[in-house]
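Examining the three-dimensional arrangement
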Amino acid sequence: MTYTIEGATGTWEIVCGLEVHAQVISTAKLFSGASTTYGGAPNSQVSPIDAGMPGMLPVVNRECIAQAVRTGLGLRARINKVSVFERKNYFYPDLPQGYQISQYQHPLVGEGTLYLDLPDGDSKPIGITRLHVEQDAGKSMHDAHDDATLIDLNRSGVALMEIVSEPDIRSPDEAVLYMRKLRTILRYLGTCDGNMEEGSLRCDANVSVRKAGETDFRTRCEIKNVNSMRFVARAIEYEAKRQIELYETGGTVEQETRLFDSQKGETRSMRSKEEAHDYRYFPDPDLLPLELDDAEIEEWRSALPELPEPVEPMQVSFEAMQRSPFGAIPALREAQESKPEYTGPKPDPDREPGPLEQFAVGSLKIVGTMNLPGKGWRAYVSAPDGVVYTVAPGEYMGQQYGRIEEIGPNGIVLRELVPRGEGRWERRKRTVEIKSTGG
Amino acid sequence: MVDLTALTLADARTRLRARDIRAVDLTQAYLDAMARRRDWNAYVTETPEKALAMAQAADERLDAGEARPLDGLPIGMKDLFCTEGTLTTAGSHILDGFTPPYESTVSGKLWDAGAVCLGKTNLDEFAMGSANITSYHGPVTNPWTRPADNKPLVPGGSSGGSAAAVAGRLCIAATGTDTGGSIRQPASFTGICGIKPTYGRCSRFGIVAFASSLDQAGAMARTVEDCALMLEAMAGFDPNDSTSAEMAVPDWTAACGEPVAGLKVGIPAEYRVDGMDPEIDAVWRQGIDWLKAQGAEIKDISLPHTKYALPAYYIIAPAEASSNLARYDGMRYGLRVKGKNLAETYAKTRGEGFGDEVQRRVLIGTYALSAGYYDAYYLKAQKVRRLIADDFHKTFTGVDVILTPTAPSAAFREGEKADDPVAMYLNDVFTVPTSLAGLPAMSVPGGLNGQGLPLGLQLIGRPWDEATVLRAGAAVERAAKFDVTPYGLEQA
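Source: prediction; values computed, not measured.

Right, let's get into the overall build of chain B. Each helix and strand in chain B was counted, giving 17 helices and 11 strands. Since a compact globule built from 492 residues should have a radius of gyration of about 23 Å, the 21 Å found for chain B is in line with a globular shape. Seen through its C-alpha atoms, chain B measures out along the principal axes to roughly 65 × 55 × 50 Å. Counting every position in chain B, which comprises 492 residues, the buried fraction comes to 61%.

Along its length, chain A carries five helices and 25 strands. With 439 residues in all, chain A has 38% of them scored as buried. In chain A, once contacts between residues fewer than 6 apart in sequence are set aside, the share between residues at least 24 apart is 65%.

Right, let's get into the confidence of the model for chain A. Per-residue confidence for chain A gives a mean pLDDT of 86; residues scoring 70 or more make up 89%. Every residue in residues 310-337 of chain A is under pLDDT 50, and counting partners more than four places away or in other chains gives 55 contacts.

Moving on, we get to the pairing of strand β15 (residues 266-272) of chain A. All names here are of chain A. Here strand β14 (residues 256-261) runs beside β15; their pairing, made up of six bridges, is antiparallel. By the bridge assignment for β15, Arg258 is matched with Ser269. The antiparallel pairing of β14 with β15 creates a hairpin that spans four residues between the two strands, and Gly265 there sits at a positive phi of about 70°.

All names here are of chain A. Where strand β1 (residues 5-7) lies against strand β2 (residues 10-23), three bridges are found, and the strand directions are antiparallel. Pairing of Gly7 across the sheet is with Gly10, part of β2. Examined bridge by bridge, β2 and strand β12 (residues 201-211) share 11 bridges and lie antiparallel to one another. Within the sheet, the bridge partner assigned to Trp12 lies in β12 and is Lys211. Across five bridges, β2 lies against strand β11 (residues 159-165) in antiparallel orientation. Its bridge partner being in β11, His21 is matched across the sheet by Glu162.

Residue-level contacts link 48 residues of chain B with 35 residues of chain A. Elements represented by at least two residues in the side of chain B that touches chain A include exactly α10 (309-324), α12 (356-369) and α13 (375-395) of chain B. The biggest single contributor to the side of chain B that touches chain A is α13(B), with nine residues. The class makeup of the residues in the side of chain B that touches chain A is 23 nonpolar, 15 polar and 10 charged.

With that settled, the discussion passes to the sheet that holds strand β21 (residues 388-391) of chain A. Hydrogen bonds between backbone atoms are what pair the strands of a sheet, whose relative direction is either parallel or antiparallel. All names here are of chain A. Pairing in this open sheet of three strands is antiparallel, and the strands run β19-β20-β21 from one edge to the other. Edge positions in the sheet fall to β19 (365-372) and β21, since each of these pairs with one other strand and no more. The sheet shows a mean angle of 20° between the axes of neighbouring strands, taken without regard to direction. In terms of strand pairing, strand β20 (residues 376-382) meets β21 through four bridges, oriented antiparallel. Residue pairing for β21: Tyr380 is matched across the bridge by Thr390.

This part takes up the nonpolar core. With 222 residues, the main nonpolar core has A:Ala205, B:Ile75, B:Val116 and B:Ala173 as its most contacted residues. Considering each element in turn, this core owes the most residues, nine residues, to α10(B). Every residue in contact with A:Ala205, bar those within four places of it in the chain, is listed here: A:Cys16, A:Leu18, A:Ala175, A:Ile223, A:Val226, A:Val232, A:Ala235 and A:Ile236. If you look at the next biggest cluster of nonpolar residues, it comprises 15 residues, including A:Ala379, A:Val381, A:Val391 and A:Tyr396.

Moving on, we get to the environment of A:Arg130. Residue and element names in this part refer to chain A. Structurally, Arg130 can be placed in strand β8 (residues 123-135). Residue Arg130 is classed as buried on the basis of its 24 C-beta neighbours within 10 Å. Here the alpha-carbon distance between Arg130 and Leu417, two residues 287 residues apart in the chain, equals 20 Å.

As a further point, take the domain arrangement of chain A. Size of an interface, as often reported, equals the accessible area lost when the parts are brought together. According to the domain assignment, chain A contains domain 1 (5-283) and domain 2 (355-433). Between the C-alpha centres of domain 1 of chain A and domain 2 of chain A there is a distance of 32 Å.

Another point: the sheet that holds strand β7 (residues 264-268) of chain B. Residues and elements named next belong to chain B. If you trace the 11 strands from one edge of the open sheet to the other, you get β1-β3-β2-β4-β6-β5-β10-β11-β9-β7-β8, paired in mixed fashion. Strand pairing shows two members of the sheet lacking a second neighbour, β1 (43-46) and β8 (297-301), which therefore form its edges. Neighbouring strand axes in the sheet, compared pairwise and without regard to direction, differ in orientation by 30° on average. Note: β7 against β8, five bridges, orientation parallel. Bridge pairing in β8 places Lys264 opposite Glu297. Running over the sheet, helix α7 (residues 224-234) touches β4 (173-178), β5 (193-196), β6 (216-221) and β10 (441-448) and is turned about 145° from β6. Packing of helix α17 (residues 466-480) onto the sheet brings it into contact with β5, β7, β9 (401-405), β10 and β11 (454-461), and relative to β10 it is tilted by some 5°.

Our next topic: α13(B). Taking 1.5 Å of rise per residue, 21 residues should cover 30 Å, and α13(B) covers 29 Å from first to last C-alpha, within 8% of that figure. Residues of α13(B) that are buried: B:Tyr377, B:Tyr378, B:Ala381, B:Gln382, B:Arg385, B:Ile388, B:Ala389, B:Asp391 and B:Phe392.

Residues and elements named next belong to chain B. Summarising the element assignment, Ala479 is placed in helix α17. Residue classification places Ala479 among the partly exposed residues on the basis of 16 C-beta atoms within 10 Å. Taking the C-alpha atoms as reference, Ala479 lies 9.2 Å from Ala293; in sequence the two are 186 residues apart.

Quick look at the packing of helix α2 (residues 172-189) of chain A against helix α3 (residues 229-248) of chain A now. All names here are of chain A. For the pair α2 and α3, the least separation of the axes is 8 Å and the interaxial angle reads 150°. With respect to α3, the axis of α2 lies roughly antiparallel. The element α2 and its partner α3 pack so that their crossing is right-handed. Residues Pro172, Asp173, Ala175, Val176, Met179 and Arg180 of α2 lie in contact with α3, whose contacting residues are Met229, Val232, Ala233, Ile236 and Glu237. Class assignment for the residues of the contact of α2 with α3 results in eight nonpolar, no polar and three charged.

Residues and elements named next belong to chain B. Of note, the bond from Gly157 into Ser158 is cis; its omega dihedral lies within 30 degrees of zero at 10°. Following the sequence through the fold, Ser158 ends up in the loop between β3 (116-121) and α5 (160-167). A positive phi angle, near 65°, is found at Ala127, a position not held by glycine. Residue class for Ala127 comes out buried when judged on the 30 C-beta atoms lying within 10 Å of it.

It is worth spelling out the environment of B:Gly266 at this point. Residues and elements named next belong to chain B. Structurally, Gly266 can be placed in strand β7. Distance in space between the C-alpha atoms of Gly266 and Ile298 is 6.1 Å, their sequence separation being 32 residues. In this view, Gly266 contacts Lys299, Ile301, Thr395, Val399 and Ile402; residues no more than four positions away in its chain are not counted.

Next up on the list: helix α4 (residues 105-112) of chain B. All names here are of chain B. Among the eight residues in α4, six count as buried, and that is most of the element. Along α4, the residues classified as buried are Thr105, Val106, Ser107, Lys109, Leu110 and Trp111. On its buried face, α4 is in contact with β2 (74-78), β3, β4, β6 and α7. One or two steps after α4, the chain reaches Gly114, where phi turns positive at roughly 100°.

Reading the values: the criteria
- Residues numbered from 1 in each chain as written.
- Chains lettered and ligands numbered in written order.
- Predicted model: local features only at pLDDT ≥ 70, side-chain atom pairs only at ≥ 80, totals over all residues.
- Helix = DSSP H or I, 4+ residues; strand = E, 2+ residues; numbered from the N terminus.
- Rg over C-alpha atoms; globule rule 2.2 N^0.38 Å.
- Buried ≥ 20, exposed ≤ 12 C-beta atoms within 10 Å, placed from the backbone.
- Contact = placed C-beta atoms within 7 Å.
- pLDDT = per-residue confidence, 0-100.
- Pairing = 2+ DSSP bridges.
- Nonpolar A, V, L, I, M, F, W, Y, C, P; charged D, E, K, R; others polar.
- Axes fitted to C-alpha atoms, helices over the stretch in contact; angles between N-to-C directions.
- Core = buried A, V, L, I, M, F, W, Y, C linked by C-beta atoms within 7 Å.
- Domains from an automatic or database assignment.
- Expected span 1.5 Å × (residues − 1).
- Parallel < 35°, antiparallel > 145°, perpendicular 65-115°, else oblique.
- Left-handed = near helix turned anticlockwise from the far one by under 90°.

Right under this line is the structure:
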């Protein structure tokens, strides 16, 4: 079943990956002893830890970790015996600590596979990139009061599993099949109730399109708030058609976050990549690296209900680390070193950042380029600090390690490095044109 | 009639148990002294009713022969420890009116041990500072002055209120916290003893966080033995702090009395810095001679990465602080300055609620963690931290303890360094490497400089080996015969 969309300029294909947030079934929150029952009176299930009170510290609730590992086993995924909680920093009133404790470089669960049951009886494997554990935020209620937003922190600190798929999904129907299968597995394992109405299962879709036969991926958009099975298909289909129309009318797709409006059945821009938050991830110094031993994993595995197919997880083994005041640092290092050698692109930590690397590319304006005799091309870039910088090929700009590959009469071609998680990086080409905005 | 506030903690403890003195009288003597010396500004909050009630309860237990380890001993609590039902400020405007509904683990353990709470001692805002001049509640004055001019001096920081209170006899001992030297440097400036134990010894639960991977509670008192008695009550595993260690607490008081003959003492070449004050060098050499005279073996050692410690610290500590202080947003407790919208409310609350030094460090830390700079700054600083810890580990295969000066100068006047943040940061040059490596270290008074001000000597030990630090510290103390009483206080 090959799904395609016929456009004016040819046949198009959808490329889609899903990021699913699944609320963990547990009696207590991820880092505090507070209850997790849905529907309690507002702010009745909040400990000083969940409220971000001064001096409060998180302690990992092993029950939540066991649930995430069970889910990983059900997805035939690699269980990482060492994983690291990091802080994702941003300000919002329903985020009491000013950061969310999540996992970034070293998730609890690595690669796995989920098999779609296709209507023709065949099955199709969809790659699972990772599963990590994180805290949920509280809820903002904007309509409950005339001139104030009210905050309910009952959900603050509840454990979530973020399950990220590879971009292997090729049609809106496949996306729905993926969600159904995932929900079945979660319910079967008893790790998430899969209730989309109550928000215990939430979905974001990464969507891009490409011409049939193309092998590279084009720019994708992230569609937020796709919170029912019905909307998954509609949102992806709408977004794919929007992107195709843009390409076919000579436009380009900008990488951005879009919100699905279920009333109107359309997606609209939330924020562009330039407006994207800089989350300043770093390992949470309040928590040691999370370590699991074989016996523990085996205990959880043996108690699993029998799955349709036998589960043989791959495991990465790390040296057990002694607890010491110096543990946090070697633990990270060893975790990195004992992985198969990563030989792909990565930023050079010894390189001094250039002056234009403190600004997002979107905030920089090319005011002109010039081919200087004997020197070659130079570009003149106006930055938010009011200074016009001169740059040459080989120099860097923007916050994504953008190396200037080429300068020409129309602008600059950058080669950026984008993190793919677990210390892997992806090169991406980006063109910044001279804008005649008249301003 | 014995001068109650002149007693050491160990001495008062013995007399309380013998019922020579009563906890209520001892507590009242301190409350009276506190009322006389409010000009030092050592306390942010005094808790006289609570103190007398606790002393009363202690007397009842002492009368009944059910004495707890620190029963009836009146102490100061650094105002970074959350205390249930008592205002907790962290020296900041942003925590206006904040009264915690919970008790920090360390303060709770001290109350359980029978200690009496005299009040909350002043500190640099969020423990960021080395002179106790960044507190929203005003600067603290050192009980010591230069006899020549008698002008006020800073007590060091950030535990400046605790240090001034201990030195000025406004409490028998006090708690401190040490992130880069905040117990040891003020102890040196005020002529008292202060110990920062191994990272993980004392629970951080309920201590307002500055830099989580460095913050550690410790004790400040007038003798090494008093520090040991305090620390025994403070230390121990806490399931509420994931970084606290499951280790038994040894008998540190006994360790103070053990001889140092045969002990190998390392003298690191890198601490003899360019332009070092000759008087600091002199007290250091004196310390070496004292230990040698008691049979210790002196060894020259090298800690080659020492010079990178301060820059690495001033990346790591602000980075963690920038995240730890994000929770002070005016939404749930403390100060809120309303703006036209959410972003403006954040900006105004944090702009007015945080002082200059805190804002400076939040900015530095935010920058160091931002995209494109993380690898060059934060990650690199973590690697440097690792090298510094490795330096110590290698060294400790050949020596048992390390002796250095505590601070590069004696106490100074408020205006002398305050305008230059970098000059202020240099105060921590000898204390920061130990903090980065998580090691136990203490400051013990070594003598007076030419202007009559105290100078401290620092002893650094292996991880979890506070016993040797205290043992060597007591040996220095015995030889120094330091008179811990600031001028003008002798006749009080």
